[in-house]
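This is what each chain is made of:
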Amino acid sequence: MFGPRVIQVEPLVSARGVRGPFDYARPEGCDVGAVVDVPFGRQRLRGVVTGLAEDSAHRLKAPTAVSDVSLPPQLVRLALWMADDIVSTRARCLELLLPPEGVGERTRFWAEPVVPDAPADPADPWAGVRLNPNQRALLDRLPGWTGDDLPALRRLEARGLVTVEARAHGRRPDHASVGALHGDGRTAPLLNPDQALAVERIAGVLADPDLPIRERRLLLHGVTGSGKTEVYLQAAERVVAAGRTVLVLVPEIALTPQTVQRFRRRLGETVAVLHSGLSKGERRDEWWRLRSGEARVCVGPMSTVFAPVSDLGLVIVDEEHDPAYKHDGDPRYDARRVAAWRAGDAGAVLLAGSATPRPESWASLRRIGLPRRADGGEMPHVRLIDVRATRGALHPDVHRAIADARKAIVLLNRRGWATWMECADCGHTWECPNCDVSLVLHGGRSERTGRTSGVLRCHHCGHQERPPERCVSCSSVSVGQHGLGTEQLAEDLPGHVYRLDADVRDRSSVLEAFGAADHGILVGTQMIAKGHDFPGVELGVVVDADATLRFPDFRSQERTFQLVAQLAGRAGRGGGTDAPARVLVQTRSPDDPSLRFAARHDAHGFVVEEIERRRIHGYPPFSTIVRVVCEHEDERRVQAAADDLVLRMPPETMGPVPLFRRQARYRRQLLVKAVSRAATVAAVRDAVAAVVDDNAHRGVVLAIEVDPR
Ligand code: ADP
Ligand code: ZN
Ligand code: ZN
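Residues numbered from 1 in each chain as written. Chains lettered and ligands numbered in written order. Predicted model: local features only at pLDDT ≥ 70, side-chain atom pairs only at ≥ 80, totals over all residues. Heavy atoms only, no water.

With respect to helix 3 (residues 133-140)
Within helix 3, burial applies to Gln 135, Leu 138 and Leu 139. When helix 3 is viewed along its axis, its buried side chains cluster within an angular range of 95° and face the same direction. Structural note: helix 3 exposes Pro 133 and Asn 134 on the side pointing more than 90 degrees away from its buried face. At the N-terminal end of helix 3, a side-chain oxygen is found 3.0 Å from the backbone nitrogen of Asn 134, two or three residues along, and the residue is Asn 132. (Buried < 20%, exposed > 50% of the residue type's maximum accessible area, 1.4 Å probe, protein only. Helix = DSSP H or I, 4+ residues; strand = E, 2+ residues; numbered from the N terminus. Arc of directions from axis to C-beta. Polar contact = N/O pair within 3.5 Å; in protein donor to acceptor, adjacent residues only side chain to side chain.)

In structure tokens, the structure reads:
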């Protein structure tokens, strides 16, 4: 064999302690990106080839199998970069790139009957054949695809009564169900002058391969309803026409069915969709369509950034401000950062879009503006309502406005019925036995009925218990429900109410129903403010704008601004109303700058002031924050690991400080804020590796998050 004789294999194991790659003998044609099974100690492990080497001094073992799945080499590069960038492991990052396992290949079995040559009874070819009723029924439904009945059919096949053959059968997800679209959507509408200019500028960047990476990163800053999707579509069409591929990231698929629909209608079969709502088989097949080049556009949530396309030309990040792009689990990647890296690596263009861009994006991307609504409609009128003297959840003006509106959206960022319960006599509160947090009452009933029903639930570990009849501490029967949640608000509002929050299963159906309805109120958490395009919403209400404002985090201003501006963005679309739409924002801080900027629809003013504030305080993008959380059931052990870790961390490290106990695990947090990202990340990586390798701290879990949200 010619060429390198060694493959470097990263085994796919989750332990931080196993750090590859390890050398194996190279089978013919086995290249970077190949997925292999290798002997590893006494085990056999799945792994990915991350590099090749000329020769080795050792006698090497060979892989026991080479899979027909392989990753494009650029994705391998991506995983290796990402593991370093976010202090994760290579294995965990590689795992994100592979198609789901445990489903069959891209084939199913097709069965056909073999009719006997000379049947005893011409009317019934099976008349003389020994068959039980099940077998008979099986034969009668053929020809057809096999399912659970494959083993039974195989037995009939052995008797020569049927043929069973493997056939390609793509499992195409049914996209008809993901929401309706106004108009037919197959043909491009005439762009307005702002849109046309935006498309032209993007096309100019696409057409100029000599531009440096920095200048290939664009921010489409378009007010809500300015028609950003149409700009994305036309940019994507050009890229596909030029033979390259496109990734389109949306915050959450169930909440953005319209965007997906628009892409499918316009670009057709070349669009693949990857998301967790698909079956494993569907995901695997979509993965293959992308890998083989049959599909050239992939639309979906953040994991779409890992789609196995080659010849990448454009990466679109819709609603780029959305915190959903930050992955909560492990590895804690930020899809926007990965998107920018991947675009840069491929020489592609990054196009992030938002009405309320992040200060980070404002500062680093080239801006293209869409200053007006596409339908020519006015921006809604936003009023801040001081509720410091208001009794009850809603100000009388808000009550009246809701009663008068044909269609309204009401935002309350707390799900459940009541967010905590407290004894009126002794002050006892009901907390989760595993986590140091209050239990939330779900499925409660109005206090008017005098009885508490439903269930107390922990939002962190899923613990459930029955709500109390009386106080466990003093036996008082006056147990109060506090903290209005979406369930209770939905019941208290007049008229037809649609509720949308994380407890609602079929979110896209709720959205669709509200969109199609002639009148009604959509009540829910922040997810109701995301990118939806419903015509005829006359009123938006923010019940408690202070909920995000009070949050002790340097992003609380940004979040509050975004929430109010995005909610306002849902109102007054599609015309059809005489007066401009209204938005009422209840707050106890009516002078807060983020609310004032939002009320004026002044994203520019907000972001400029916010960037200045961050500069003064040294917050991102003027620094990088890295957070390390240590976790263990035993409090002393977690403290010992955290104490040891802090000694190895950069000198600016703050902590360890206790976080609230979660899922019966004690937690300690360390935080570094530093100017040099690369140096800080590298220092944290070394510190973490030292603690992971120290036997004294075995079993303590370390979660590292760079740029925590
Ligand atoms: P954004 O994402 O900027 O909030 P959308 O892409 O949802 O805005 O577009 C808002 C509405 O305007 C949609 O109903 C869309 O169909 C419509 N629209 C977009 N571009 C045009 C256009 N050039 N002419 C007419 N309507 C348009
Ligand atoms: Zn009590
Ligand atoms: Zn809990």
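A word on the coordination of the zinc ion (ligand 2)
Only Cys 423 (SG), Cys 426 (SG), Cys 471 (SG) and Cys 474 (SG) from the protein reach the zinc ion (ligand 2) as donors, at distances of 2.2 to 2.4 Å. Classification of the site at the zinc ion (ligand 2) rests on its four donor atoms, whose angles at the metal span 104 to 113°, yielding the label tetrahedral. Look at where the donors of the zinc ion (ligand 2) fall in the sequence and you get C-x2-C-x44-C-x2-C. By relative accessible area, Cys 471 is classed as buried at 3%. Relative accessible area serves as the criterion here: at 34%, Cys 474 is assigned to the partly exposed category. (Donors = N, O, S within 2.8 Å, 3.2 Å for Na, K, Ca; no water. Tetrahedral: all angles 85-135°; square planar, octahedral: opposite > 155°, others 65-115°.)

Notes on the site of ligand 1
The immediate surroundings of ligand 1 are formed by 15 residues, with Leu 190, Gln 195, Gly 225, Asp 533 and Arg 573 found nearest. The separation between a nitrogen atom of ligand 1 and a polar main-chain atom of Leu 190 is 2.8 Å. (Near = heavy atom within 4 Å.)

Things to note about the domain arrangement of the chain
In terms of domains, the chain is made up of domain 1 (6-95), domain 2 (107-168), domain 3 (193-370), domain 4 (381-415 + 487-617) and domain 5 (624-706). Tallying the contact residues gives 16 residues for domain 1 and 18 residues for domain 3. The contact between domain 1 and domain 3 buries some 1500 Å² in all, and 63% of this surface belongs to carbon and sulfur atoms. Put simply, domain 1 and domain 3 have three salt bridges between them. (Domains from an automatic or database assignment. Contact = heavy atoms within 4.5 Å. Buried area = accessible area lost by both parts, 1.4 Å probe. Salt bridge = Lys/Arg side-chain N within 4 Å of Asp/Glu carboxyl O.)

Examining the coordination of the zinc ion (ligand 3)
Only Cys 432 (SG), Cys 435 (SG), Cys 458 (SG) and Cys 461 (SG) from the protein reach the zinc ion (ligand 3) as donors, at distances of 2.3 to 2.4 Å. Considering all four donor atoms around the zinc ion (ligand 3), the spread of angles at the metal, 103 to 114°, places the coordination shape in the tetrahedral class. Taken in sequence order, the residues that donate to the zinc ion (ligand 3) follow the motif C-x2-C-x22-C-x2-C. According to the relative accessible area criterion, Cys 458 is buried, its value standing at 3%.

Section: the nonpolar core
General note: in soluble globular proteins, nonpolar side chains tend to be found buried as a group. In this structure, Leu 71 and Leu 249 are the most contacted members of the largest nonpolar core, which totals 51 residues. If you tally residues by element for this core, the top one is helix 1 (residues 73-85), at eight residues. Shared between two domains, this core holds at least three residues of each, these being domain 1 (6-95) and domain 3 (193-370). The contacts of Leu 249, once residues within four sequence positions are left out, are Gly 300, Pro 301, Met 302, Thr 304, Val 305, Val 315, Ile 316, Val 317, Asp 318, Tyr 325, Ala 335 and Ala 339. (Core = buried A, V, L, I, M, F, W, Y, C linked by side-chain atoms within 4.5 Å.)

Remarks on the sheet that holds strand 26 (residues 582-587)
Pairing is parallel across the open sheet formed by six strands, whose spatial order is 16-26-25-17-24-23. Lying at the two open borders of the sheet, with one neighbouring strand each, are strand 16 (381-386) and strand 23 (497-500). On average, each strand axis in the sheet is tilted by 15° relative to the strand beside it, whichever way the strands run. The sheet contact formed by strand 23 and strand 24 (residues 520-524) spans four bridges and is parallel. Bridge pairing in strand 24 places Leu 500 opposite Gly 524. (Pairing = 2+ DSSP bridges. Axes fitted to C-alpha atoms, helices over the stretch in contact; angles between N-to-C directions.)

Concerning the sheet that holds strand 30 (residues 701-706)
If you trace the four strands from one edge of the open sheet to the other, you get 28-29-27-30, paired in antiparallel fashion. Strands with a single pairing partner mark the edges of an open sheet, and in this sheet they are strand 28 (654-662) and strand 30. Each neighbouring strand pair of the sheet contributes to a mean axis angle of 25°, computed without reference to strand direction. Relative to strand 29 (residues 665-674), strand 28 is paired through five bridges, and the arrangement is antiparallel. Within strand 29, the position partnered with Pro 658 by the bridge is Arg 668. Helix 18 (residues 635-648) rests against strand 27 (624-632), strand 28 and strand 29 of the sheet, and its axis sits at about 15° to strand 29.

What about the UniProt feature "domain: Helicase ATP-binding" (unreviewed entry) in the chain?
UniProt records the feature "domain: Helicase ATP-binding" (unreviewed entry) for residues 209-375 in the present numbering. Split by type, residues 209-375 is 33% helix and 21% strand. Its first and last C-alpha atoms lie 34 Å apart. (UniProt positions renumbered as here; feature names shortened; annotations may be inferred.)

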